[in-house]
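Secondary and tertiary structure notes
One letter stands for each residue in the lines below.
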Amino acid sequence: MSQQQVRFEQFFAAPCDKVFAYFADHQKFGRIWGGTFTRIKDGNDPRDPNGLGSVREIRNKGMAFEETISKYEPSTLIEYTITKGGPIKNHLGHIEFHSVEGGTKLIYTISFEPKIPLTGGLFSGILCGSFHAGIHRAVKDIAAA
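Residues numbered from 1 in each chain as written. Predicted model: local features only at pLDDT ≥ 70, side-chain atom pairs only at ≥ 80, totals over all residues. Heavy atoms only, no water.

**Considering the pattern of salt bridges**
Short version of the rule: In what follows, salt bridge is the name for a side-chain nitrogen of Lys or Arg lying within 4 Å of a carboxyl oxygen of Asp or Glu. Exposed residues in this analysis have more than 50% of their type's maximum accessible area, buried residues have under 20%, and partly exposed residues fall in between, with area computed by a 1.4 Å probe over protein chains only. Under the scheme used here, helices are H or I runs from DSSP no shorter than 4 residues and strands are E runs no shorter than 2 residues, and both carry numbers assigned from the N terminus.
The full count for this structure, using the stated rule, is seven salt bridges. Glu9 is paired through a salt bridge with Arg7; the nearest N and O atoms lie 2.8 Å apart. Judged by its relative accessible area of 42%, Glu9 is partly exposed. Between Asp141 and Arg31 there is a salt bridge, with its nearest N and O atoms 2.6 Å apart. Taken together, the residues span a long stretch of sequence, with Asp141 in helix α3 (residues 120–144) and Arg31 in helix α2 (residues 26–33) at a distance of 110 residues. A residue is classified by how much of its surface remains accessible, and Asp141, at 23% relative accessible area, is partly exposed. Within this structure, Arg7, Glu9 and Lys105 form a network of salt bridges that share partners.

Now the structure itself:
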């Protein structure tokens, strides 16, 4: 099956550490995507339960799956993979945080393969629509914090 990829870029008028903290928090991250995001396993570092090795359960539109944080570099990078359930496989979410004049540039790439042939475009469209529908919540939340 063919590998699919979606890419998003977003500017935040806030420093990288503030934007990173929002995206690292599983419940806040869920505000972008909708549904319920619940941390079900703490990360490896007890000082940062949402960090490397943490697992979140996502329930949305009748689906349930789990994502595990596989790379975690504070204020710089978060990577995660779907490790249980879901309609896609070989998934990688890659979120970069770049300090730019006046704030932070976020570059967010999601790569995956559909489990069902010929549904990659459908899932890409769903991901794009969901991100664009929800990212304004993150921009608003971060500006208000």
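**Description of unusual backbone geometry**
Of note, Ser75 is a non-glycine position whose phi angle comes to about 65°, a positive value. Along the polypeptide, Ser75 turns up in the loop between β4 (63–73) and β5 (77–85). You can call Ser75 partly exposed: its relative accessible area is 26%. Its identity as a non-glycine residue notwithstanding, Asn90 has a phi of 45°, on the positive side. Relative to the assigned elements, Asn90 resides in strand β6 (residues 88–100).

**Here's the deal with the environment of Cys128**
Quick note on the threshold: What makes two residues a contact is simply this: any of their non-hydrogen atoms within 4.5 Å.
Within the secondary structure, Cys128 is located in helix α3. Apart from residues no more than four positions distant in its own chain, Cys128 is found in contact with Val6 and Phe8.

**Things to note about the environment of Gln4**
Heads up, the rule is: Here a polar contact means two N or O atoms within 3.5 Å. Within protein one must be a hydrogen donor candidate and the other an acceptor candidate, and residues neighboring in sequence count only if both atoms are side-chain atoms.
Residue placement: Gln4 occurs in strand β1 (residues 4–12). When the C-alpha positions of Gln4 and His91 are compared, they lie 9.4 Å apart, and in sequence the two are 87 residues distant. Leave out the neighbours within four places in its chain, and Gln4 touches Ile110, Ser111, Phe112, Pro114, Gly120, Gly121 and Ser124. For Gln4, the side chain forms a polar contact with the side chain of Ser124, separated by 3.4 Å.

**So, the side chain of His94**
Here His94 lies in strand β6. In this structure the side chain of His94 is engaged in a polar contact, spanning 2.8 Å, whose partner is the side chain of Glu96. The contact partners of His94, leaving out residues within four places of it in the chain, are Leu77, Ile78, Glu79, Ile107, Tyr108 and Thr109.

**Re α3**
Formally: Take the residue count of a helix, subtract one, and multiply by 1.5 Å to get its expected span. The bend at a residue is defined as the angle formed between two axes, one fitted to the seven residues ending at that residue and one fitted to the seven starting there.
Between its first and last C-alpha atoms α3 spans 36 Å; for 25 residues at 1.5 Å apiece the expected length is 36 Å, and the two agree. The sharpest bend along α3 reaches about 30° and sits at Gly134. Listed in full, the buried residues belonging to α3 are Gly120, Phe123, Ser124, Leu127, Ser130, Phe131, Gly134, Ile135, Ala138 and Ile142.

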